[in-house]
Amino acid sequence: MSTPAGDAGYLVSRPLSTQAAEFDGERLWFFTSARSPKMREIARNPKVNVAYASKDRNVYASVTGDARINQDPARIDEFWSDAYKAYFPRGKNDPNVALVEVLVRTVEYWEGPGSWIGKSVAFVVARVTKREGIMAENKLIRVRKGAPKPDNRTVDDLKRVLLQAKSVAYSAQVSGIYLSTELFPRLGIADHMAKNKKK
């Protein structure tokens, strides 16, 4: 869901499909019509929110950023699929084809138990222990403009990136437990990472 500020200043959410491109750590892309109210809304106030929810797991993300309209033919060609002819019958050269480009500022995510049983158990434990945080973990990631994207294409690349990091933040919940008890020991860096952890 994409949420800009509407004509009256109220937030308006609309479903949009993120283009099938690997996230480069800086931008998100969406097709839209040049006649859409979004064009006017973004021109007036470019600050937007984009929200994601997983279909199969209990994971959610909220992305904030600055949006702009991009009608660069090369970019449109990069993301174009013939499936969009349902919206733009004249194809990618239709003058109404436009992209919403969102320069990402922050990403906040929540991850909770994925199964119905896991959710039920977490709910009971949260009620009994008065620890609501056990229902899900929440992290806020600030995206710095121009920050280099780490090269972690292979296991050795990932290990090198982790060893070079000044500190590594991870959750005290399920995903963080996996990192500290499974992944780091398998990589042979558990002792080093224990010194640099931020929970």
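The residue numbers shown here count from 1 along each chain, following its written sequence. Predicted model: local features are reported for residues with pLDDT of at least 70 only, side-chain atom pairs are reported and counted for 80 or more only, and whole-chain, interface and lining totals are derived from all residues. Heavy atoms from the whole structure form the basis of all side-chain values; hydrogens and water molecules are not counted.

**Student:** Lay out the packing of aromatic side chains in plain terms, naming residues and giving numbers.
**Tutor:** Ring pairs shown here join Phe, Tyr and Trp side chains whose ring centres sit within 6.5 Å, with only the six-membered ring taken for Trp; geometry is labelled stacked below 30 degrees between planes, edge-to-face above 60, and tilted in between. One pass over the full model with this rule turns up five aromatic pairs. Here the aromatic rings of Phe31 and Tyr84 are separated by 4.5 Å at their centres, their planes lie at 45°, and the arrangement is tilted. Taken together, the residues Phe31 in strand β2 (residues 27-33) and Tyr84 in the loop between α2 (73-79) and β5 (97-111) connect sequence positions 53 residues apart. The exposure classification of Phe31 matches that of Tyr84, with both residues buried. With a centroid separation of 6.4 Å and an interplanar angle of 50°, the aromatic rings of Trp80 and Phe88 are classed as tilted. Classification of Trp80 by relative accessible area gives buried; the value is 15%. Whether a residue is buried, partly exposed or exposed follows from its accessible area with a 1.4 Å probe, protein chains only, as a fraction of its type maximum: under 20%, in between, or over 50%, in that order. The exposure class assigned to Phe88 is buried, which follows from its relative accessible area of 6%. Ring pairs connect the aromatic residues Phe31, Trp80, Tyr84 and Phe88, which therefore count as one cluster. Starting at the N terminus, helices and strands are each numbered in turn, a helix being any DSSP run of H or I of at least four residues and a strand any DSSP run of E of at least two.

**Student:** Break down the pattern of salt bridges for me, with residues and values.
**Tutor:** By definition, a salt bridge exists where a carboxyl oxygen of Asp or Glu is found within 4 Å of a side-chain nitrogen of Lys or Arg. Within the structure shown, the criterion is met by seven salt bridges. The partner of Asp66 in a salt bridge is Arg105, with the nearest N and O atoms 2.9 Å apart. Of this pair, Asp66 sits in strand β4 (residues 59-70) while Arg105 sits in strand β5, and the two are 39 residues apart along the sequence.

**Student:** How would you sum up the confidence of the model for the protein? Please name residues and give values.
**Tutor:** One confidence number per residue, pLDDT, is output by the predictor and ranges from 0 to 100. On average, residues of the protein score 75 in pLDDT, and 66% of them reach the 70 mark or higher. Taken element by element, the protein is modelled with least confidence in helix α3 (residues 116-129), mean pLDDT 47, and with most confidence in α2, mean pLDDT 93.

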